[in-house]
Amino acid sequence: MRIKRTLSLAALSLALTASFSTAAVFADAPTNAPKSHDIDITAAVKQVTVINYYNVGDGVPKSISYSQDGWNGTLVLVSYENANGVIAARYTGNVYK
């Protein structure tokens, strides 16, 4: 009888210890911590198309950097056309502010 009582008390003690130790893990965040609705993320994006002209033989890059009026990004070559020794290369991509 004494062994059963000791085992029962040990099991109860272990269960109470486990419940108190896990309670701290699930505690709420401090009241001064930012909440998801307190964060304001604004990102401006727009699509830009640019036509650059190159001499035949100079090579046409597959992508170009765009930086104008605070808008920045990379534009990729979508088409090109050879007319009278000049290549008109059309680049398109998203730029961000």
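Residues numbered from 1 in each chain as written. Predicted model: local features only at pLDDT ≥ 70, side-chain atom pairs only at ≥ 80, totals over all residues. Heavy atoms only, no water.

(A) Focus on the overall build of the protein chain. Within the protein chain one finds 1 helix and 4 strands. The order of helices and strands in the protein chain, counted from the N terminus, is α-β-β-β-β. Sequence separation of at least 24 residues holds for 57% of the intrachain contacts in the protein chain that already meet a minimum separation of 6. (Helix = DSSP H or I, 4+ residues; strand = E, 2+ residues; numbered from the N terminus. Contact = heavy atoms within 4.5 Å.)

(B) Fine view of the environment of Pro 61. Inspection of the secondary structure assignment puts Pro 61 in the loop between strand E1 (45-55) and strand E2 (63-68). You can call Pro 61 partly exposed: its relative accessible area is 30%. When the C-alpha positions of Pro 61 and Leu 77 are compared, they lie 7.5 Å apart, and in sequence the two are 16 residues distant. Setting aside its immediate chain neighbours within four residues, Pro 61 contacts Tyr 54, Leu 77 and Tyr 91. (Buried < 20%, exposed > 50% of the residue type's maximum accessible area, 1.4 Å probe, protein only.)

(C) Spatial organisation of unusual backbone geometry. Even without being a glycine, Asp 69 presents a positive backbone phi close to 55°. As for its position among the elements, Asp 69 is in the loop between E2 and strand E3 (71-83). For Asp 69, a relative accessible area of 64% gives the class exposed. If you check the backbone angles, Asn 84 has positive phi at about 55° while not being a glycine. Given a relative accessible area of 82%, Asn 84 falls into the exposed group.

(D) Main features of the pairing of strand E4 (residues 86-96). As paired strands, E1 and E4 are joined by 11 bridges and run antiparallel to one another. Its bridge partner being in E4, Tyr 54 is matched across the sheet by Ile 87. Between E3 and E4, which pair antiparallel one after the other, the connecting turn spans 2 residues, and Asn 84 there sits at a positive phi close to 55°. (Pairing = 2+ DSSP bridges.)

(E) Structural view of the nonpolar core. Judged by nonpolar contacts, Val 48, Val 50, Tyr 54, Ile 64, Tyr 66, Trp 71, Leu 75, Ala 89, Tyr 91 and Val 95 together constitute the single largest core of 10 residues. Counting only elements with at least two residues in this core, the list comes to E1, E2, E3 and E4. Not counting residues up to four positions away in its chain, the partners in contact with Val 50 are Tyr 66, Leu 75, Ala 89, Arg 90 and Tyr 91. (Core = buried A, V, L, I, M, F, W, Y, C linked by side-chain atoms within 4.5 Å.)

(F) How the structure looks around the sheet that holds E2. Strand order across the open sheet formed by 4 strands is E1-E4-E3-E2, with antiparallel pairing between neighbours. Bordering the open sheet on either side are E1 and E2, each of which pairs with just one other strand. For this sheet, the mean angle separating the axes of adjacent strands, direction not counted, is 30°. (Axes fitted to C-alpha atoms, helices over the stretch in contact; angles between N-to-C directions.)

(G) Structural view of a nonpolar patch on the surface. Judged by side-chain polarity, Ile 51, Tyr 53 and Val 86 come together as a nonpolar surface patch covering roughly 300 Å² of accessible area. By the secondary structure assignment, Tyr 53 is in strand E1. Residue classification places Tyr 53 among the exposed residues on the basis of a relative accessible area of 58%. (Patch = residues over 30% accessible without salt bridge, like charges linked within 9 Å, V, L, I, M, F, W, Y side chains within 5 Å. Areas by Shrake-Rupley, 256 points an atom, 1.4 Å probe, with all protein chains shown as cover. Salt bridge = Lys/Arg side-chain N within 4 Å of Asp/Glu carboxyl O.)

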